[in-house]
Amino acid sequence: MTGIGIGTAPTVPYGLSPGLTVSEALALPCLSGARLVAGASGRGRRIRVVNIMEVPDIVRWMRGGELLLTTAYAVRDDAEALSDLIPVLAERGLAALAVKVGPYLPALPPMMLAVADELGFPVVELPGAVMFNDILSEVLGTVLNRQALELERSRAIHERLTAVALDGGSYQELMNVLLELSGCAAAVLDEHGWILASAGSPPPDRPPAAERAIETGTGASGVVALWRDDAEAAAHGAGAAMPPTHELDTHQRMALEHATTVAATIAAQERALASRQQRYRTLLLMELVSRPPRDRAETARRAAAMGWNLRLPRAVVLVEVASTGTGGPTDTELALEERLLPLVRSAAGPGAIIWGSQSGLVLLTEPGPSLNSRCQALHAAVTAAHPDWDVAVAAGTVRDDFTDYHHSYEEAAQTLTLGRELHGPDFVRGYADLGVYRLLGQLPAAELTALVDDALGPLLAHDAEHEGSLVETLSVYLLQDRNGVATAARLHVHYNTLRYRLRQIDRLTGGLERRPTARLQTELAVHAHRLLSARDRR
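So, how was this worked out
Residues numbered from 1 in each chain as written. Predicted model: local features only at pLDDT ≥ 70, side-chain atom pairs only at ≥ 80, totals over all residues. Heavy atoms only, no water. Helix = DSSP H or I, 4+ residues; strand = E, 2+ residues; numbered from the N terminus. Buried < 20%, exposed > 50% of the residue type's maximum accessible area, 1.4 Å probe, protein only. Contact = heavy atoms within 4.5 Å. Areas by Shrake-Rupley, 256 points an atom, 1.4 Å probe, with all protein chains shown as cover. Axes fitted to C-alpha atoms, helices over the stretch in contact; angles between N-to-C directions. Parallel < 35°, antiparallel > 145°, perpendicular 65-115°, else oblique. Left-handed = near helix turned anticlockwise from the far one by under 90°. Nonpolar A, V, L, I, M, F, W, Y, C, P; charged D, E, K, R; others polar. Pairing = 2+ DSSP bridges. 1 Å grid on protein atoms, 1.4 Å probe; cavity = no way out; pocket = protein on both sides within 12 Å on 5 of 7 lines; lining within 4 Å. Points joined across faces, edges and corners; volume = space filled by probe spheres on them. Right-handed = clockwise from strand over helix to strand, strands pointing away. Phe/Tyr/Trp six-rings, centres within 6.5 Å; stacked < 30°, edge-to-face > 60°. Lys NZ or Arg CZ within 6 Å of the ring centre and 35° of its normal. Lys, Arg positive; Asp, Glu negative; His and termini not counted. Salt bridge = Lys/Arg side-chain N within 4 Å of Asp/Glu carboxyl O. Polar contact = N/O pair within 3.5 Å; in protein donor to acceptor, adjacent residues only side chain to side chain. Expected span 1.5 Å × (residues − 1). Bend = angle between axes of the 7 residues up to and from the residue.

Colleague: What's the story with the overall build of the protein chain in this structure? I'm lost.
Modeller: The helix and strand tally for the protein chain stands at 17 helices and 17 strands. Here the protein chain holds 538 residues, and the buried ones make up 46% of them. Across the protein chain, the fraction of contacts at a sequence separation of at least 24, relative to all contacts at a separation of at least 6, is 68%. Total accessible area on the protein chain is roughly 26700 Å²; 53% of this is exposed by carbon and sulfur atoms.

Colleague: Is there a simple way to explain the packing of helix α13 (residues 445-466) against helix α16 (residues 495-509) in this structure?
Modeller: Pairs of packed helices are described in terms of their axes, by the angle between the two and the distance that separates them. Between α13 and α16, whose axes approach to 9 Å, the crossing angle comes to 125°. Compared by their axis directions, α13 and α16 come out oblique. Classified by chirality, the crossing of α16 by α13 is right-handed. Counted together, Ala455, Pro458, Leu459 and His462 of α13 and Gln504, Ile505, Leu508 and Thr509 of α16 form the full contact between these two elements. Considering only residue class, the contact of α13 with α16 consists of five nonpolar, three polar and no charged.

Colleague: How do you make sense of the sheet that holds strand β14 (residues 353-356) when you look at a structure like this?
Modeller: Backbone-to-backbone hydrogen bonds pair the strands of a sheet. The strands run either parallel or antiparallel. Overall, mixed pairing links the five strands, which are arranged β14-β15-β13-β16-β17 in an open sheet. Of all strands in the sheet, those with a lone pairing partner are β14 and β17 (427-430), marking the two edges. Averaged over all pairs of adjacent strands, the angle between their axes in this sheet comes to 15°, without regard to strand direction. By the bridge criterion, six bridges tie strand β13 (residues 315-323) to strand β15 (residues 360-365) in an arrangement that is antiparallel. Residue pairing for β15: glutamate 320 is matched across the bridge by glycine 360. Strand contacts of helix α10 (residues 371-385): β13, β15, β16 (389-395) and β17, with the helix running at about 160° to β16, the strand carrying the most contacts. The strands touched by helix α11 (residues 405-423) within the sheet are β13, β15, β16 and β17, with β13 carrying the most contacts at an inclination of about 35°.

Colleague: Quick question: what am I supposed to make of empty space enclosed by the protein here?
Modeller: Over the atoms, a rolling probe the size of a water molecule traces out where space has been left empty. Here the structure, examined in full by the defined rule, presents two cavities of 30 Å³ or more. Volume-wise, the largest cavity comes out at about 50 Å³. Around the largest cavity, the lining residues are Val22, Ala25, Leu26, Leu31, Ile47, Leu67, Ala98, Val124 and Leu126. Secondary-structure elements contributing two or more residues to the lining of the largest cavity are α1 (22-26) and β8 (123-126). Broken down by element, the residue count for the lining of the largest cavity peaks at three residues, all from α1. Within the lining of the largest cavity, the residues separate by chemical class into nine nonpolar, no polar and no charged.

Colleague: Looking at this structure, how should I read unusual backbone geometry?
Modeller: Generally, phi is negative for residues other than glycine and the peptide bonds are trans, each holding for most cases. Located in the positive-phi region is arginine 482, a residue other than glycine, with phi close to 60°. Within the fold, arginine 482 resides in the loop between α14 (470-479) and α15 (484-491). Exposure remark for arginine 482: the relative accessible area of 26% places this residue in the partly exposed category. Although it is not a glycine, histidine 492 adopts a positive phi angle of roughly 60°. For histidine 492, the location among the structural elements is in the loop between α15 and α16.

Colleague: Please explain the pairing of strand β6 (residues 66-70) as it appears in this structure.
Modeller: Looking along a regular strand, one sees the side chains alternate between the two faces of the sheet. The element β6 is largely enclosed, with a buried count of five among its five residues. Side chains of β6 alternate between two faces, with Glu66, Leu68 and Thr70 and Leu67 and Leu69 buried alike. With five bridges joining them, strand β5 (residues 49-53) and β6 adopt parallel strand pairing. Its bridge partner lying in β6, valine 50 is registered against leucine 67. Following the chain from β6 across helix α2 (residues 79-92) to the adjacent parallel strand β7 (residues 96-100), one finds a crossover that is right-handed.

Colleague: How should α14 be read in this particular structure?
Modeller: The α-helix advances 3.6 residues per turn, and as a result positions three or four apart in sequence lie on the same side. Taking burial as the measure, the 10 residues of α14 include eight buried ones, the bulk of the element. Considered for burial, the residues of α14 that qualify are Leu470, Val471, Thr473, Leu474, Ser475, Val476, Tyr477 and Leu478. With its phi angle positive at about 55°, aspartate 481 sits one or two positions after the end of α14.

Colleague: Where do I start with the packing of aromatic side chains in this structure?
Modeller: Describing an aromatic ring pair means giving the distance of the ring centres and the angle of the ring planes. According to the stated counting rule, one finds one aromatic pair in the structure shown. Positioned above the aromatic ring of phenylalanine 132 is the side chain of lysine 100, whose terminal nitrogen or guanidinium carbon lies 4.8 Å from the ring centre.

Colleague: Quick question: what am I supposed to make of the packing of α13 against α14 here?
Modeller: Two numbers describe how α13 lies on α14: the axes approach to 8 Å, and their chain directions differ by 130°. Considered as vectors, α13 and α14 are oriented oblique to each other. In this structure, α13 uses Leu456, Leu459, Leu460, His462 and Asp463 to contact α14, whose residues at the interface are Leu470, Val471 and Leu474. For the contact of α13 with α14, the class distribution of residues is six nonpolar, one polar and one charged.

Colleague: Help me out: how do you make sense of the side chain of lysine 100 in this one?
Modeller: Looking at the element boundaries, lysine 100 is found in strand β7. Buried and without a salt bridge, lysine 100 has aspartate 134 as its closest oppositely charged side chain, separated by 9.3 Å. Looking at lysine 100, its side chain comes within polar contact range of the main-chain oxygen of valine 130, at 3.0 Å. Residue contacts for lysine 100: discarding those within four places in its chain leaves Thr70, Thr71, Leu105, Leu126, Pro127, Gly128, Val130 and Phe132.

Colleague: Can you help me understand α13 in this one?
Modeller: Under the 1.5 Å per step criterion, the end-to-end length of α13 is only 26 Å for 22 residues, more than 12% shorter than the ideal 32 Å. At leucine 456, α13 shows its largest bend, some 80°, and a proline, proline 458, comes one to four positions later. Here α13 has its buried residues at Leu448, Leu451, Val452, Ala455, Leu456, Leu459, His462 and Asp463. Phi for glutamate 467, located one or two positions after α13, is positive at around 50°.

Colleague: For this particular structure, what's the right way to read the environment of alanine 352?
Modeller: On the secondary structure map, alanine 352 appears in the loop between α9 (333-348) and β14. Residues alanine 352 and tryptophan 308 lie 44 residues apart in sequence; the distance between their C-alpha atoms is 9.0 Å. Look past the residues within four positions of alanine 352 in its chain and what remains in contact with it is Arg314, Leu364, Thr365 and Glu366.

What follows is the structure, given as structure tokens:
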């Protein structure tokens, strides 16, 4: 079982139409006497290589796109075998079957032609005098010449468009070149359908004739689209659907494919630039709120370059979000910032400086009309959009000079940590609301530690030795205003377990209800222990 395979077409870039159609091949001089006798609806099939069939077994070696030449000698007396061959060829993706009519096969069987018509598979009748070598030479030579020309054109288009990216060009410059190369109105649209850049006035009332997704490392980042001109649209009638993408000519498809590749490069460059700018901006802001500036003038100069007005009194506000269920804010820091910023801009005020943190946002906000109302508005803005999120908003005090912003940041961080301890994951609090913690916060850590050791030392030692939770139990008990039922519920323990722990606490401390001064000292020590623990977790 043998066959003769002639020629292999070169690899053609994605988007090109390799080879020539059956109709175009029939117009060649070597096929001047040939007739398309069946499967006329498939005349647009493309030929990329030519093969000669001596026996039907060659079919299993076909890869698609072949013009198969045969004398049908092996099946000359079997009309049914010829008819059965047509579906196999069509399934394999061959372009056409050309059968020489002559001494071996006087005429093509009607059954075979009927099957070819039904499948839209072209069957060509060759005159007996035609030479296969002539067909091989001319058809394959035409295919190769066309592909060489298309490859050269593809290279030229690619170089022209790539030069835009290499020269640091923008989407707009890319669209200008795409318009020139394709003759079609062109545009880059983002993932929401908004036009980022265009050339040739794309019509707003018509969908594009073709579009390609801009694929970057993080997924699709929009599309590049082409529109045919108004005259061609009018030819299809007002409101009529334009022909599908494959109706674009070869050069337009080449230009669109290459432009989309270059657009992905520009998108990656812009994303990288935005990321660098974001990192620089965040670094400067974190320096500003983390410690006093080393050089006041230098910090002011860098801030002015970013367009920030540091002459205004400002307070640091921290917004932290967490999900109460599935589908919560699991984004990267930059993506989470992008999701939250549109929600809080109005509530934050026009002069606010906002940047992302690992679990939310940091704001340098002006206090007016009141800092508390602004924090409430921030909380409401986020929870309105995401009711399944816990939102914590904590604010430091207003500072008149930017060299003191770090104090406001420390206060906001302390308020955030203590707020979780006292109010759970969803709250709005300012440092001014901390009460006794503001007083304790002014004391050196050594004084706080001494207070804790004097009043709670025995409890801490017991917890350390027995892996107990007496200090936590006492803290919650005082927080719940000595309500045993509420305390047991908060600790998720049985009421009898709570009573046992309280008896241990009484024994180790000498009694919770002893003289008022000692009772006050114990409560202050509990608050001091909570404050020190919060500082350790920051």
